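Take a look at the letters that make up each chain.
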Amino acid sequence: MTTRYAALLRGINVGGHKRVPMPELRTVLGELGHTDIATHLQSGNAVFRSEDEDESALAHALEQALHQRFGFPVGCVVRSGSYLAAVADACPFPAAELEGKQLHVTYFDRPVESGRFAGVDAQAYLPEAFQLGDRCLYLYAPDGLGRSKLAEALARPRQTEGLTATTRNWNTVAKLVEMTRV
C-alpha cells in the first residue's frame, strides 16, 4: 500500500540562492522510487506516493539525493497527507476568517517540547500569537510574515537549534492538504 506524502524543502529558491528547479526536484523524487509526483510553487513543496512508511527515512534520503545533485545541503520535512490534514484541522486560529498571509504553520522534523519557546514573551508581541501543535507551530501574524516581530523571535537560533523547521502560509497549507488527499 502506498501513502501520499508532502516533502517540504527548507530555504530553497530564495533570492537566487540554493536554486532547486521544480522539474529537477520531481526527477530526484522519481529516482528515489516515488510515484505520482507533483510540485506546488517554486518554494520547495512536492507531493508523492511511497510504500515507505518512515517519514524521517524519506526526508533523509531526499536530503542526501538533493545534496548530491545540487552540491549544497537542503533540509527536508516529509509528512503524510493525513498528518497535514490533522494539522490543518487542529489550527487554534480562525483560519476561515483570515487571509492566507496572516496564518502560518512551521513544520518541525520531530516533536518540540514547549519549554523550547518559554523564553519568548508572547504578550510583548500581541496581537501576533503562536501555539505549538503536533510537530508544528501555528503563527498568527496579522501584518504578514515579513513584518512579524514574533516570527523573528521564534526563528532565533536558541529556539530552533538542532531542528529542521520550515514555514508555509495558510494558502500553501490548504493546497498541500488538498494535493495529498488519498
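Here, every reference points to the structure presented above.
Residues numbered from 1 in each chain as written. Predicted model: local features only at pLDDT ≥ 70, side-chain atom pairs only at ≥ 80, totals over all residues. Heavy atoms only, no water.

A. Just helix H2 (residues 55-70), in detail. The end-to-end C-alpha distance of H2 is 22 Å, a good match for the 22 Å that 16 residues give at a rise of 1.5 Å each. Burial in H2 covers these residues: Glu-55, Leu-58, Ala-59, Leu-62, Ala-65, Leu-66 and Phe-70. Mapping the buried residues of H2 onto a view down its axis gives an arc of 130°, with all of them on the same face. Buried residues along H2 sit in contact with strand S1 (3-9), helix H1 (22-31), strand S3 (45-50) and strand S4 (76-80). Where H2 starts, the residue carrying a side-chain oxygen 3.0 Å from the main-chain nitrogen of Ser-56 turns out to be Asp-54. Within two residues after H2, Gly-71 carries a phi angle of roughly 85°, on the positive side. (Helix = DSSP H or I, 4+ residues; strand = E, 2+ residues; numbered from the N terminus. Expected span 1.5 Å × (residues − 1). Buried < 20%, exposed > 50% of the residue type's maximum accessible area, 1.4 Å probe, protein only. Arc of directions from axis to C-beta. Contact = heavy atoms within 4.5 Å. Polar contact = N/O pair within 3.5 Å; in protein donor to acceptor, adjacent residues only side chain to side chain.)

B. Region of the structure containing the nonpolar core. Leu-84, Val-87, Val-105, Tyr-107, Tyr-138 and Trp-170 are the most contacted members of the largest nonpolar core, which has 22 residues in total. Looking at this core, the elements with two or more residues in it are S1, helix H3 (81-89), strand S5 (103-108), strand S7 (136-140) and helix H6 (170-179). In terms of residue count, the dominant contributor to this core is H6 (five residues). Ignoring any residue separated from it by four or fewer positions in sequence, one finds Tyr-138 in contact with Val-87, Ala-90, Cys-91, Pro-92, Phe-93, His-104, Val-105, Ala-129, Phe-130, Gln-131 and Gly-133. (Core = buried A, V, L, I, M, F, W, Y, C linked by side-chain atoms within 4.5 Å.)

C. Structural view of the layout of surface pockets. Roughly 420 Å³ of volume is contained in the largest pocket. Residue lining of the largest pocket: 17 residues in total, with Arg-10, Thr-106, Ala-155, Ala-165 and Thr-167 positioned closest to the centre. Every element with two or more residues in the lining of the largest pocket is listed here: S5, S7, helix H4 (149-154) and strand S8 (165-169). Tallied by class, the residues present in the lining of the largest pocket amount to 10 nonpolar, five polar and two charged. (1 Å grid on protein atoms, 1.4 Å probe; cavity = no way out; pocket = protein on both sides within 12 Å on 5 of 7 lines; lining within 4 Å. Points joined across faces, edges and corners; volume = space filled by probe spheres on them. Nonpolar A, V, L, I, M, F, W, Y, C, P; charged D, E, K, R; others polar.)

D. Just the packing of H3 against H6, in detail. Axis separation between H3 and H6 bottoms out at 9 Å; the angle between their running directions is 135°. As summarised for this structure, H3 and H6 are arranged oblique, according to the angle between their axes. The element H3 and its partner H6 pack so that their crossing is left-handed. Contact residues: Leu-84, Ala-85 and Ala-88 in H3; Trp-170, Val-173, Leu-176 and Val-177 in H6. A class-by-class count of the residues in the contact of H3 with H6 yields seven nonpolar, no polar and no charged. (Axes fitted to C-alpha atoms, helices over the stretch in contact; angles between N-to-C directions. Parallel < 35°, antiparallel > 145°, perpendicular 65-115°, else oblique. Left-handed = near helix turned anticlockwise from the far one by under 90°.)

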